[in-house]
Amino acid sequence: MKRLPLALTAVFLVAALVLGCAPKPATPPAPQTPPPAPVDPDARNLKVAVLSDARNLNPYMGMGSTETYITGFVYDTLLGYDEEKGELRPGLADTWTVLEGGKVLRFELNKQAKFSDGKPVTAEDAVFSFNFVKQARFPGFMAITANVIEAVLVDQYTLDLKLMAPQSGSLRLLGTTVSIVPKHIWEGIQSPLNFPNLQPVGSGPFKLAEKVDGQYMVLENRKEHHRHQYDLEKITLTVVRDETVGIMSLLAGKFDLLAWRVDPAVAEDVMKNPGQYPNVKVAAAPSSSTTTVMFNLRNEPYNDINFRKAISLLIDQDKLIKDLLLGFGRTQGPGLVAPTMFYYNDKFPAVKADPNAAKALLDQAGYKDATGDGWRETPKGDQLVVDILTVNVPPQINVAEYLVAELKKIGINAKFTPLTAEALRNRQMAPDFDVSLFNLSFSNPDMMFFYYHTSRGLITGGRVAGFNYGGHSDPNYDVISEAMRAELNRDRYVELLKQMQEHIAGVYYHVPVFTADVINMYRDDRFTGWYNQPERSVSNATTYRQLRPK
Amino acid sequence: MSGAYFMRRLFQTAVLMFVVITLNFFLPRVMPGDPARHYYEDPRLSEEARQEIKALFGLDKPLSYQYFAYLKNLFRGELGVSYTYRRPVMQVISSRIPWTVALTASASLISIAGGIIYGAYAAWRRGGTAESALLASAIIVSAMPTFWFALLLVMLFAFTLKWLPAFGMVTPGLARGLNLPFLASVARHAFLPVVSMALSGIIGYAVLVRNSMIDVTSEDFVRTARAKGLNSRVVLYKHAFRNAMLPLVTRIGLSLSGIIGGAVIIETIFSWEGMGLLIIEASRSLDYPLMQGTMLILATITVLANFATDLVYAQLDPRVQLK
C-alpha cells in the first residue's frame, strides 16, 4: 500500500505526458455542402517575437523595450516625431503653438479622441498627466519635466505648458514623451510609483486585449482611434527568451518579425543563402550610435591633440567593418553625426587610415624612442603605455585588440583592459582612465551639449557630473551649445548644430571607429509594406502603419 | 534519533539562517552599480534630482540603516515591492513557483525513479550490457551541454516533426484552471523541457545508485542473505537497496533547492517562466527586493532541506548522530 501513491503519481505523470503528446483527434468527415471560402483569422494579426516580458505597464515607470513597445501603442502623446525629417507631427494634439518667446507651449487637442473605456480625452486629462508626472516625481521623468512650471487648462480642448526657460528641444521632449493618461482612473492611484497598471486604459491606436505573464500579449486595433492609421487588426507579442529558438521559429513561419537586433553572422547567413531561407528577409539600417575611442583630456599625453590625431590615423574603419561587423556597418566622419540625421554637416567625411602619417605626426610632436627600447616615450621622456579600457564583449574587445596591435606597429607600447559594462562605466565616471572605447549617439541633438559642455565634465562628489567623461572644455563650444539649446528658429538651430560638428571634428576627443547597423529579421510572405527606417530598421511606426496582408 | 541531536541541528540551522539572511542583504549591494543607476545616469539630471532618486529607492540611507530596515520588514513577513514589476515581491514569486515546481518536480521524479531502477539493475547485472551502456552514456551526457541537447530536441520535435511546441507554457487562448485542455496543453509544452532535464538526471542518479549498490552488494550481510537462499529480488530491494540509499538521500535533499530554483538554461530555451529566469532577471536589473526575495526563498529551502536530510539520515543510519 505504501507504494501506491508513488505509483499513482508516476502513472498520472506518464498519462499526462502521453496525453499531451497524443496526436490530435481525427478530423470529422467533411460536410456535404462546400463551406464558405475560409477566412484566415490571423490574416491581419502581426506576430512579433520579443525577448522580454512587459513587467509593468505604467507608462511612467516601464524601463524595458517590450514595456515601452506596448505603452507606445496603448497611450498617445500630444505629438509625434518624424525622426528622418526631424519634424513634429500631430498626436493627440492637432496643432501646437510656441508663445511668449518659448516660455509657453500651447496644444489644441483633437476633439474626436477617446480612451479605450469610451470616455473622451480632454485637455483636463492632459493637464492632469503633466502635473501628475511632475508632482509624483517619477524618476525617469524628473529631467524631462525639470523645465516645466505647470500645465494649465485653457479650455476643454486646449492646454498650456508653462516653462521656466525657452528651450529648442522642449516641444519634442514634452510633446512626445509624456503619455496622456485618463484622469478619472489615475487620480485615484495612491502610490503611483508602485502602480503596475496591468489593465491599461489609454487613447492610443491599440488596446491591450490579453496578457499572460511571461508568455504573450495581444494588442487589438482601436478602429475608433481619432487618426485610425493602422490596417492591422492585432499585434501578438510572444515572449521568446532564447534568440536561437526565436530565429528558428521565424524560419518556421511562426513569427513575422523578431523585435530585436540580430547578430551580423545570422544576418549574413540568411542573405547569402536566400534559397535556404525562403521569405526570410534581413533589413540593415544605418544607426547613429557610433563606437569611438575616447580620451581623458585631463591626463598627459592624451591632452595633446597631435597624439590623439595620430591614434585616429591608425583606425581603418573599412577593415573593421568588414572583419568585425561582416559588412553591417558604416564609416563615420570625425564630426560624429550620422549622415542620416537632419543636421549632418557633410564637410567632415570619414578619414582614411594612414599609419605613416601617424608616425610622422608623432615624430614631429616629439614622441620618439629616446631610450632605444623599441617604444616611443613622451616628449618629456616619460615611459608611455597606452591602456585601452573596453567592455569584455565583441566587437568592442576585438576593436581594442586591433588598436593595441596597430599602436605597437608604430612603436607605442599598448595594452587593453576588458571590463564588465558596469565596471567600465564606473571607471569612466570616476574618471579613472586614459583611453576607453565609448558608444555615443547624437540621435537627440541635445546630446551634443551633454557630451561636450564643460559643465558636464566637472567632477563633483568623486564622479563626472554628466557624460563628458574625458573632461572636454572649450568656452567657445560652451557658448554655441548653450545658444543651440535656446534657439527656437529651425534654420539657425541647424546652423548651430553644424558649427558644433566642426568643433567636434577638430578636437579628436572622440575618434570614430565605426557605426554598427541596426539589423532586423522578418518574413515577407504574409504582409507587404515593410519599411527600413534609419536607426530603427523595419520595426518602426511607419512599418506598422503601412503593413497590409498579402 | 536523540532529542539532543535534534536540538543541536536545529540551533545550527537557526544560526545558518541568520548568516544567510545577512548575506542575502549584503551580496546584491556588493555588485557594481545600483538599481537606480538607469535613472540617475540621465545626463540632464541635476545633482539634487539624483539624490532624490536615490532616496526613492531607499539608497540614500547608510547601509547599516538599510540592513536593520530589511530585518524589520523580514520579521513582519514583508519582502518589499519589486523595482521592475512594481508589485509585491511575494506576488511575483508566488506566480512563478507553481510553474517551476511543475517542471522541475516532474523532471526530478523521472530522474530519481528512472535512475534508481536503472542504477540498481546495472549494479545487479554487473559487467552486463546495461552497465556498459550506463557508463558510456554517463560520459556522453557529462560531455553534452544541456542547452545543446535541448536545442536538438527543439529542432527535431518542434520544427522537423512538428509534434510538440518549441517554447512557452500553454497554448494561447485556453482557459486557465484545472480543465483537461489546459492540463494537456501544459503537459505538451512541458514535455521537451522535462526530457531535456531528466536525461542527465537519470544518468546521474543511476551512476550514484550503481556505485553505491556495488559497494553494498559486496558487504558480508548481502552475501549472507544470498547464502540463506533468499530470492534475489528480496536481497536486492530489502537488504542491499536500503543500505545503498544513504548517498541517494543526500543527493535528493540537495536537489530540493533546485526544484524551486528552477533551471536557468532550460527555462531560457523553452521560455518557461520559472524561478530560474526570475533570479537572472532580478540580478540583471539589480532589482534588490526581488533578488533578496528569490534568494531568500531558495536559501531557506536549501537550509531546511539539509536539516531534513540530516534527520532522515540519522533515522536511516543511527551511527550518524553519535559523530
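Residues numbered from 1 in each chain as written. Chains lettered and ligands numbered in written order. Predicted model: local features only at pLDDT ≥ 70, side-chain atom pairs only at ≥ 80, totals over all residues.

### A word on the sheet that holds strand β6 (residues 148-155) of chain A
Residue and element names in this part refer to chain A.
Okay, so step 1: A sheet is described by the order of its strands in space; here four strands give the open sequence β4-β5-β7-β6, paired in antiparallel fashion. Each edge of the open sheet carries a strand with a single partner, namely β4 (93-99) and β6. Ignoring strand direction, the axes of neighbouring strands in this sheet form an average angle of 20°.
Okay, so step 2: Those strands touched by helix α3 (residues 123-136) are β5 (104-109), β6 and β7 (158-163), and its axis lies near 170° from that of β6. (Pairing = 2+ DSSP bridges. Helix = DSSP H or I, 4+ residues; strand = E, 2+ residues; numbered from the N terminus. Axes fitted to C-alpha atoms, helices over the stretch in contact; angles between N-to-C directions. Contact = placed C-beta atoms within 7 Å.)

### Observations regarding the interface of chain B and chain A
Okay, so step 1: Across the boundary between the two partners, chain B contributes 45 residues, which contact 44 residues of chain A.
Okay, so step 2: Of all the elements in the fold, those that place two or more residues in the side of chain B that touches chain A are α2 (37-40), α3 (47-56), α5 (89-124), α7 (146-160), α8 (180-217) and α11 (264-269) of chain B.
Okay, so step 3: Its residues placed into classes, the side of chain B that touches chain A shows 29 nonpolar, eight polar and eight charged. (Nonpolar A, V, L, I, M, F, W, Y, C, P; charged D, E, K, R; others polar.)

### Digging into the pairing of strand β15 (residues 385-391) of chain A
Residue and element names in this part refer to chain A.
Okay, so step 1: Most of β15 sits out of view: five of its seven residues are buried.
Okay, so step 2: Crossover handedness for the path β15 to helix α11 (residues 396-409) to strand β16 (residues 413-419): right-handed.
Okay, so step 3: Two elements, β15 and strand β17 (residues 435-441), share two bridges in a ladder whose sense is parallel. Residue Ile 388 lies in a different strand from β17, and its bridge partner there is Val 435. (Buried ≥ 20, exposed ≤ 12 C-beta atoms within 10 Å, placed from the backbone. Right-handed = clockwise from strand over helix to strand, strands pointing away.)

### A few points about the environment of Gly 58 of chain B
Okay, so step 1: Structurally, Gly 58 of chain B is set in the loop between α3 and α4 (63-75).
Okay, so step 2: Looking at Gly 58 of chain B, the number of C-beta atoms within 10 Å reads 16, which means it is partly exposed.

### Quick word on the sheet that holds strand β12 (residues 280-285) of chain A
Whether parallel or antiparallel, the strands of a sheet pair through hydrogen bonds between backbone atoms.
All names here are of chain A.
Okay, so step 1: Strand order in the open sheet formed by seven strands is β8-β9-β10-β1-β11-β21-β12, with mixed pairing between adjacent strands. Single-partner strands in this sheet number two, and they are β8 (206-212) and β12.
Okay, so step 2: Sheet topology places strand β1 (residues 45-50) next to strand β11 (residues 257-258); two bridges connect them, and they run parallel. For Val 48, the partnering residue across the bridge sits in β11 and is Leu 257.
Okay, so step 3: Relative to β12, helix α7 (residues 264-272) is tilted by about 130°, and along the sheet it contacts β12 and β21 (518-523).

### A short note on the nonpolar core
Okay, so step 1: Ranked by size, the top nonpolar core spans 197 residues in total, and within it Val 48, Ile 70, Leu 109, Ala 126, Leu 258 and Ile 388 of chain A together with Ala 206 of chain B carry the most contacts.
Okay, so step 2: A total of 17 residues in this core trace back to one element, the largest contributor, which is α8 of chain B.
Okay, so step 3: Residues contacting Leu 258 of chain A, with those up to four places away along its chain left out, are Ala 49, Gly 246, Ile 247, Leu 250, Asn 520 and Met 521 of chain A.
Okay, so step 4: Counting residues in each nonpolar core, the second largest holds 19 residues, with Val 92, Ile 259, Met 275 and Leu 286 of chain B among its members. (Core = buried A, V, L, I, M, F, W, Y, C linked by C-beta atoms within 7 Å.)

### Quick look at α5 of chain B
Okay, so step 1: The end-to-end C-alpha distance of α5 of chain B is 50 Å, a good match for the 52 Å that 36 residues give at a rise of 1.5 Å each.
Okay, so step 2: Roughly 25° is the biggest bend found in α5 of chain B, and it falls at Ile 97 of chain B, with proline Pro 98 of chain B one to four residues downstream. (Expected span 1.5 Å × (residues − 1). Bend = angle between axes of the 7 residues up to and from the residue.)

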